[in-house]
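So the chains spell out like this:
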Amino acid sequence: MKLGVNIDHIATIRQARGTDYPSILEAATLAEQAGADSITLHLREDRRHMQDRDLYELKPLLTTKMNLEMAATAEMLAIALDVAPQDVCLVPERREERTTEGGLDVITHYQQIEKITQALKEADIRVSLFIAPDKAQVDATAKLGAPVIEIHTGHYANLTDANLQQQELNKIKMISAYAQEKGLVVNAGHGLHYENVQQIAQIKQIDELNIGHAIVAKAIFIGWENAIQLMKQCMDEGQKR
């Protein structure tokens with residue numbers, strides 16, 4: 001199982017003081033050296049952390065791949081086509097949210113998402129849709145031709161009741177298997193940390209986990225590379241169970 005390291009909150013620290021450090025480029029380089037299989041970043045419409053220049057400066061330096069998270073808008077499509085990341089993950093976005101809340105409603109916004117997806121596919125950019133663990137959303141994703149889903153694990157991660165969390169985990173397992181049967185690549189992420197990632201890592205159908213905030217937080221105490229390596233170790237332990 002691969003690990004995509006999200007570096008958004010490195011940029012959050014930088015933007016808090018309006019400095020040019022900590023360096024996004026250094027964070028990505030060290031993450032790759034520590035074992036990251038891809039670098040994930042979200043260019044939000046309000047530019048609260050990542051800036052346009054970060055994408056352009058980072059893309060030619062990566063030795064793995066760039067996974068660009070973005071809203072399904074004309075502005076973001078134009079930027080993605082210009083930067084040409086290897087992967088684009090379409091996500092829902094609301095200005096007032098602290099972080100991405102919930103999955104993309106592919107059914108309601110089908111025509112807009114299909115238009116963006118086709119434009120990206122024509123540019124040889126692999127498209128992923130960030131969705132809740134729901135069969136109808138998987139079906140809609142398969143119908144419009146996106147090859148990858150990323151299952152939103154935030155609800156699972158936020159539950160404190162063990163029984164309810166197990167129910168949500170079972171749902172994620174079921175949807176992962178269902179999506180794979182549909183021919184989709186299955187990724188997952190959101191809210192995962194060192195104490196809850198092992199259960200998700202046990203799901204054989206999941207190809208990649210995208211994790212950011214927990215790694216950045218742990219890095220304060222043990223260092224950036226160590227935090228990434230520890231997350232990969234936790235994932236490996238989960239897969240061995």
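Residue positions are given per chain, counting from 1 as you read along its sequence in written order. In keeping with the predicted nature of the model, local features appear solely for residues at pLDDT of at least 70, side-chain atom pairs appear and are counted solely at 80 or more, and the whole-chain, interface and lining totals rest on all residues. The side-chain numbers reported here are obtained from all heavy atoms of the structure, hydrogens and water having been left aside.

Q: Hey, could you run me through the nonpolar core in this one?
A: A general trend in soluble globular proteins is that nonpolar side chains are found buried together. Among buried residues, the Ala, Val, Leu, Ile, Met, Phe, Trp, Tyr and Cys ones that are joined through side-chain atoms within 4.5 Å form a nonpolar core. Summary of the burial criterion: residues with accessible area below 20% of their type's maximum are buried, those above 50% are exposed, and those between are partly exposed, where the area comes from a 1.4 Å probe applied to protein chains only. Ile7, Leu90, Leu120, Leu129, Ile215 and Trp224 are the most contacted members of the largest nonpolar core, which totals 74 residues. Among the elements that take part in this core, helix α11 (residues 224-239) stands out by supplying 6 residues, more than any other. In contact with Ile7, other than residues within four places in its own chain, are Ile24, Ala28, Ile39, Thr40, Leu41, Met50, Leu58 and Trp224. Only DSSP runs of H or I covering at least 4 residues are called helices, and only runs of E covering at least 2 are called strands; the numbering of each starts at the N terminus. In this analysis, two residues are considered to be in contact whenever any of their non-hydrogen atoms come within 4.5 Å of each other.

Q: Mind showing me how you'd approach the environment of Ile220 here?
A: Looking at the element boundaries, Ile220 is found in helix α10 (residues 213-222). Sequence separation of Ile220 and Thr29 is 191 residues, and the distance between their C-alpha atoms is 18 Å.

Q: Help me out: how do you make sense of the sheet that holds strand β7 (residues 185-189) in this one?
A: The pairing of strands in a sheet happens through backbone hydrogen bonds and is either parallel or antiparallel. Any two strands between which DSSP finds at least two bridges are classified as paired. Strand order in the closed barrel formed by 8 strands is β1-β2-β3-β4-β5-β6-β7-β8, and the pairing between neighbours is parallel. Adjacent strand axes in the sheet meet at a mean angle of 25° when their direction is disregarded. As paired strands, strand β1 (residues 2-6) and strand β8 (residues 206-211) are joined by 4 bridges and run parallel to one another. Residue pairing in the sheet places Leu3 in a bridge with Leu209 of β8. Fitted lines through C-alpha atoms give the axes, limited to the stretch in contact for helices. The angle between two N-to-C directions lies from 0 to 180 degrees. In the packing of helix α8 (residues 162-181) onto the sheet, the strands contacted are β6 (148-152), β7 and β8, and the crossing angle to β6 comes to about 175°.

Q: For this particular structure, what's the right way to read the packing of aromatic side chains?
A: For any pair of aromatic rings, the description rests on two quantities: the centre-to-centre distance and the angle between the ring planes. Aromatic pairing here means that ring centres of Phe, Tyr or Trp (its six-membered ring) are within 6.5 Å. Orientation follows from the plane angle: under 30 degrees is stacked, over 60 is edge-to-face, and everything else is tilted. What the rule picks out here adds up to 0 aromatic pairs. A ring is considered to have a charge above it if a Lys NZ or an Arg CZ atom is located within 6 Å of its centre and within 35 degrees of its normal. Of note, Lys135 hangs over the ring of Tyr178, and the distance from its end group to the ring centre comes to 4.8 Å. Over the face of the ring belonging to Tyr194 we find Lys218, whose NZ or CZ atom lies 5.2 Å from the ring centre.

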